[in-house]
Amino acid sequence: MKKIVAAALTAALMMLCMTALGEETVLTPVELNVDSLEYVDETHYLIARDADSRLYGLYNTDGEMLIPCEYGLLAYADYGFFEAINEDGLNTHALLRADGQAVTGWEYAAFEILNEKWGLAVTLEPTESEDYDYSGGFLGGGEHYVVTAYDVYDLEAGQKVGSLSREDCDTAVPHGDYLYVEDRQEVIHVYDKTLTPVDVEVTSLYNAYDEVDGNAVCLSDGRVIAEDVYSAYEDTDTGYIKVSGSNGMRLVDAEGNVLVPEGFDSIGMVYDGYVTVEQDDLYGLYDLAGGKLVVPCEYDEIYDFGLATIYRYVYNGYVCVEKDGKVGFVDTDGQVTCELKYGAAGVTQHGCTLTVTDLDGSIYIVAADGTQTQTDFDEVDEYSGGDGSLLIVCKGDAYGLVDWHGNEVLPLEYASYDITITDYADAVIVDDTLMVR
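Residues numbered from 1 in each chain as written. Predicted model: local features only at pLDDT ≥ 70, side-chain atom pairs only at ≥ 80, totals over all residues. Heavy atoms only, no water.

Undergrad: Quick question: what am I supposed to make of the overall build of the protein here?
TA: In terms of regular secondary structure, the protein is built from zero helices and 47 strands. Against the globule reference of 22 Å for 437 residues, the protein gives a C-alpha radius of gyration of 25 Å, in line with a compact fold. Taken over the C-alpha atoms alone, the protein extends approximately 65 × 65 × 35 Å along its principal axes. Within the protein, the proportion of its 437 residues that are buried is 50%. Here the contacts in the protein between residues at least 6 apart in sequence split such that 39% fall between residues at least 24 apart. By element, 44% of the accessible surface of the protein is carried by carbon and sulfur atoms, the whole surface being about 19,800 Å². The protein carries 20 positive and 84 negative side-chain charges, and their two centres are separated by 2 Å. (Helix = DSSP H or I, 4+ residues; strand = E, 2+ residues; numbered from the N terminus. Rg over C-alpha atoms; globule rule 2.2 N^0.38 Å. Buried < 20%, exposed > 50% of the residue type's maximum accessible area, 1.4 Å probe, protein only. Contact = heavy atoms within 4.5 Å. Areas by Shrake-Rupley, 256 points an atom, 1.4 Å probe, with all protein chains shown as cover. Lys, Arg positive; Asp, Glu negative; His and termini not counted. Charge placed at Lys NZ, Arg CZ, Asp CG, Glu CD.)

Undergrad: Help me understand the state of the cysteines in this model?
TA: Put plainly, a disulfide is one covalent bond tying together the sulfur atoms of two cysteines. Under the counting rule described, the total for this entry stands at zero disulfides. Unpaired in terms of disulfides, Cys 352 finds its nearest cysteine sulfur in Cys 320, a separation of 10 Å. A residue is classified by how much of its surface remains accessible, and Cys 352, at 0% relative accessible area, is buried. (Disulfide = S-S within 2.5 Å.)

Undergrad: Which parts of the structure should I look at to understand the environment of Leu 179?
TA: By the element assignment, Leu 179 lies in strand 18 (residues 178–182). The spatial distance from the C-alpha of Leu 179 to the C-alpha of His 189 is 8.3 Å, given a sequence separation of ten residues. Excluding residues within four positions of it along the chain, Leu 179 makes contact with Leu 114, Trp 118, Val 152, Ala 172, Val 173, Pro 174, His 189, Val 190, Tyr 191 and Leu 195.

Undergrad: Is there a simple way to think about the side chain of Thr 104 in this case?
TA: For Thr 104, the position within the fold is in the loop between strand 11 (93–97) and strand 12 (110–113). A polar side-chain atom of Thr 104 sits 3.1 Å from the main-chain amide nitrogen of Leu 95. The contacts of Thr 104, once residues within four sequence positions are left out, are Ala 94, Leu 95, Phe 111 and Tyr 153. (Polar contact = N/O pair within 3.5 Å; in protein donor to acceptor, adjacent residues only side chain to side chain.)

Undergrad: Looking at this model, I keep getting lost on a negative patch on the surface. Mind explaining?
TA: On the surface, a cluster of negative charge is contributed by Asp 300, Glu 301, Asp 304 and Asp 324. Among the structural elements, Asp 324 can be located in the loop between strand 34 (318–323) and strand 35 (326–331). According to the relative accessible area criterion, Asp 324 is exposed, its value standing at 63%. (Patch = residues over 30% accessible without salt bridge, like charges linked within 9 Å, V, L, I, M, F, W, Y side chains within 5 Å. Salt bridge = Lys/Arg side-chain N within 4 Å of Asp/Glu carboxyl O.)

Undergrad: Looking at this model, I keep getting lost on the sheet that holds strand 31 (residues 292–299). Mind explaining?
TA: What links the strands of a sheet is backbone hydrogen bonding, and the strands pair in either a parallel or an antiparallel sense. An order of 28-29-30-31 is seen for the four strands of this open sheet, with the pairing classed as antiparallel. Since the sheet does not close on itself, it has two edges, and those belong to strand 28 (266–271) and strand 31, each with one partner. Between one strand axis and the next, the sheet turns through 20 degrees on average, direction left out of account. Bridge count for strand 28 against strand 29 (residues 274–279) is four bridges, and the pairing is antiparallel. Pairing of Ser 266 across the sheet is with Glu 278, part of strand 29. (Pairing = 2+ DSSP bridges. Axes fitted to C-alpha atoms, helices over the stretch in contact; angles between N-to-C directions.)

Printed below as a string of structure tokens:
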């Protein structure tokens, strides 16, 4: 996420109002006794430093304290977990949930969070060898470190289930209740949820499912999860399995529950509970939770958009689509809300808005509801952050903030660094002041 920093805050900031998504909304400051706010990308979390103690804690984007500011360092570890330090030293770190509850003890140096369930807690020691696992950044001295142990945790239960040596673990990939681990001799081992070895041979760390005698089979335990298949391949990001059969492709979960029914020629990437589907060379969008096709297979492309590692198809209920070289928006009922009339080569997508530059250099903001606004800005930041309902704009050397209809939210009074829009556009941070919508 790109941050824009303001040169200074004025008293007017405390009284700002804005128009967003057609409704007048107050951008309200939250009084926090902090001197630093760091937004955690793709979450609702803010890592804060207390202005008095200089210790770190956690707030959400509503300004509510989740973890008191009592740690020497707090860093995001992924999947909603945080690494905390409360004393100097190498193996003095713990893993916390967002509510501050410790998942591990304080005897670790690093963490590898594999998914919501599986995590590795790592102990290290300094080394002078050129064969090292980590380098720099630790308080225990030295620049290079080797692993002394990987403790394996069931993060959901908050329990250590076992330990692997450095030689036993080079790469680990989770598959439901099973963990696939490649050792340093490049041999793959399968462990169950108690870290007990499973007597099964697999050839890939990244696919725990395959076609066997016309069925899709879980290689870890032999379960049949789908019948009448030619192939089965797992999406390791979601744990869902794409299955191809005589009636086309379908998507199932690890228990064999059908998420997308058969009949589609292909199924794309799952982002934020939605997945693209293709039929006769045209694309639509399927809602996994709702169990229905929300955008019909009528488009040449369904656009995805993201600023970090997580992408989305849907922004405030709108989907950006392309047909015959023209771009517009539909809603999640499949209805066109912004006519497909903008040339694909000449638009920039910002979530639920587009920007189009005219031949004379004028920039137009096109909202997903079809509203088109001519502006006199020199630039609309392609990487503003958020879902497109707020946009960072500039004229000359001055930066500000507008909504998707071009209404001013922050005046053009700032330098090129210190406005942060959260990824869900529910808050804005200006010079470490939190403003909530």
